Amino acid sequence: MSELPLILDADTLAARRGDPGLRIVAVDAPADFRAAHIPGAVRVGYDEITRDAPPVKGLVPDPDALAAVFSRLGLHPDDHVVAYDRSGGGAAGRLLFTLDAAGHAGGLSLLDGGLQAWVAGGHETESGTVEPDATDYAVRPRSDCIADHDYIAGHLDDTGVKLLDTRSAPEYAGADVRAARGGHIPGAAHLEWTELKDDRDRLRPRHELLQRLAERGILPDDEVVVYCHSHHRSAHTYVALKALGFERVRGYPGAWSDWGNRTDTPVEET
C-alpha cells in the first residue's frame, strides 16, 4: 500500500478498493452513511475523533478513547486508511491528523473531493449499516505533529517556525469574532483553506499550491503550524502540506478556540 498517495483520486481508489489491508473510513452522520456510502467503508462520527472542553473545541481525545474507536472500526496499526467525508475534506483530514497523532504506522490517504468526487466519477455506492469485526488497536501517541499554545508561544520569535492561519479573512482580521477575543496569532500568515481547492472541491495542482504558499512566506523547508478555530479546516491544510512534501507540519488542536479564549496569549488584528 505504500505506493498509494496521500491525496487519492476516486478512480484509483475504485481500482484498489479490494486490496488487502486497505480500509475506507467515512467521517459521516449515521443517517447519511446508511443512505449512501462507498462500498466496504466503515463509519466514524466526528465527535469520536475530537474532544471538546468548552470553550475549547477540537482537542485530541485521550489514547484509551481513540484506541476504543479505532478498535471498533476494525483497524490494524499497519492498515492503509483512506478517509473521506461529504463536504470539504475537513472532517476526513481531521481523521488522518488524529491517526497521525495516535502513531498509526500504516499509510494514510485523503479521498480528494470526498463522496461527491466518488459519485461524479460514476462509482457505485451502497446503503445500510456496517458492523466491522473489532480489533485490539494500540495507540502510540506522538507529539511531533501537535502544537499547543505553550509550544507556539515559545516559538513566536523563531524564524524557522511559520504559523499559517486557515480561517476566513474576517476571522483573521478580527472582524468576525468567535472567541473571547478576535484576531490572529502574532506573525501568522493567512491562507484560507478554501483557496487550496478548485471549484470541484478538489486540491489545486501542486505548482499552484506551492506558489500560493510561497507568496505567504511558507516554504517546504519550514516547520509549519497550521490552525483555524478548532483544527477542522486546518486539518485539511495539514494533509495538503504533507502531500506537498512538507516534512515538519504540526496541527494546533483547540486552535483559536483555545488561543482566543485565553488571557495570557498575544493577539494581532489587521
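Each chain carries its own residue numbering, running from 1 in the direction its sequence is written. Only residues with pLDDT of at least 70 get local features here, since the model is predicted, and only at 80 or more are side-chain atom pairs given and counted; chain-wide, interface and lining totals rely on the full set of residues. Computation of side-chain values: all heavy atoms of the structure, hydrogens and water removed.

A. Main features of the overall build of the protein. Each helix and strand counted, the protein has 10 helices and 11 strands in total. Whereas a compact globule of 270 residues would reach a radius of gyration of roughly 18 Å, the protein reaches 18 Å, a difference of no more than 12%. Its C-alpha atoms put the protein at 50 × 40 × 30 Å along the principal axes. Each residue's exposure class comes from its accessible area (1.4 Å probe, protein chains only) as a fraction of the maximum for that residue type: buried when under 20%, exposed when over 50%, partly exposed otherwise. Here the protein, with 270 residues, has 51% of them falling under the buried criterion. Whether two residues touch is decided by their heavy atoms; if any such pair falls within 4.5 Å, the residues are in contact. Once local pairs closer than 6 in sequence are excluded, the contacts in the protein between residues at least 24 apart make up 74%. Only the protein chains shown count as covering a residue, and every accessible area follows the Shrake-Rupley method with a 1.4 Å probe. With an accessible surface of roughly 11,600 Å², the protein has 48% of that area assigned to carbon and sulfur atoms. Charge separation in the protein, taken as the distance between the mean sites of 28 positive and 44 negative side-chain charges, equals 1 Å. Secondary structure elements follow DSSP: runs of H or I no shorter than four residues count as helices, runs of E no shorter than two count as strands, and numbering proceeds from the N terminus. Note that the radius of gyration is over C-alpha atoms, with the globule rule given as 2.2 Å times the number of residues to the power 0.38. Asp and Glu are treated as the negative residues and Lys and Arg as the positive ones, with His and the ends of the chain left uncounted. In this description, the location of a charge corresponds to atom NZ of lysine, CZ of arginine, CG of aspartate or CD of glutamate.

B. Spotlight on the packing of aromatic side chains. Between rings of Phe, Tyr and Trp, where Trp is taken as its six-membered ring, a pair exists when centres lie within 6.5 Å; planes separated by under 30 degrees are stacked, by over 60 edge-to-face, and by other angles tilted. Applying the stated rule across the entire model yields 2 aromatic pairs. Taken together, a centroid distance of 5.3 Å and an interplanar angle of 70 degrees make the contact between Phe 70 and Tyr 137 edge-to-face. In this pair, Phe 70 sits in helix α3 (residues 63–72) while Tyr 137 sits in the loop between α5 (114–120) and α6 (149–153), placing the two residues 67 residues apart along the sequence. Among the residues examined, Phe 70 registers a relative accessible area of 0% and is labelled buried.

C. Layout of the pattern of salt bridges. In what follows, salt bridge is the name for a side-chain nitrogen of Lys or Arg lying within 4 Å of a carboxyl oxygen of Asp or Glu. For the coordinates displayed, the defined rule picks out 22 salt bridges. Between Arg 167 and Asp 165 there is a salt bridge whose closest N-O contact spans 2.7 Å. Overall, Arg 167 belongs to the buried group, its relative accessible area being 1%. When salt bridges with common partners are traced through the structure, they connect Glu 171, Asp 176, Arg 178 and Arg 233 into a single cluster.

D. Examining helix α4 (residues 90–101) more closely. Helix span, expected: 1.5 Å multiplied by one less than the number of residues in the helix. Between its terminal C-alpha atoms α4 stretches 16 Å, which fits the 16 Å expected from 12 residues at 1.5 Å a residue. Looking only at α4, the buried set comprises Gly 90, Ala 91, Ala 92, Gly 93, Arg 94, Leu 95, Leu 96, Phe 97, Thr 98, Leu 99, Asp 100 and Ala 101. Positive phi appears at Gly 103, one or two residues downstream of α4, with a value of about 80 degrees.

E. Layout of the nonpolar core. For this analysis, a nonpolar core means a set of buried residues of the types Ala, Val, Leu, Ile, Met, Phe, Trp, Tyr and Cys, connected via side-chain atoms within 4.5 Å. In terms of nonpolar packing, the biggest core is built from 44 residues, with Phe 70, Leu 95 and Leu 99 touching the most fellow members. No other element matches the 7 residues that α4 contributes to this core. If sequence neighbours within four positions are ignored, Phe 70 has contacts with Leu 75, Leu 95, Thr 98, Leu 99, Ala 102, Thr 135, Tyr 137 and Val 139.

F. Quick peek at the sheet that holds strand β1 (residues 7–8). Overall, parallel pairing links the 5 strands, which are arranged β1-β7-β6-β2-β3 in an open sheet. Each end of this open sheet is capped by a strand with a single partner; those strands are β1 and β3 (42–44). By the convention used here, strands pair only if DSSP detects at least 2 bridges between them. Bridge count between strand β2 (residues 22–27) and strand β6 (residues 80–84): 5 bridges; the pairing is parallel. Among the inter-strand pairings, Arg 23 is bridged to a residue of β6, identified as Val 81.

G. Structural context of the sheet that holds strand β11 (residues 248–251). The strand order across the open sheet formed by 4 strands is β9-β8-β10-β11, and the pairing between neighbours is parallel. Lying at the two open borders of the sheet, with one neighbouring strand each, are β9 (189–190) and β11. By the bridge criterion, 4 bridges tie strand β10 (residues 223–227) to β11 in an arrangement that is parallel. Counterpart to Val 224 in the pairing with β11 is Val 249.

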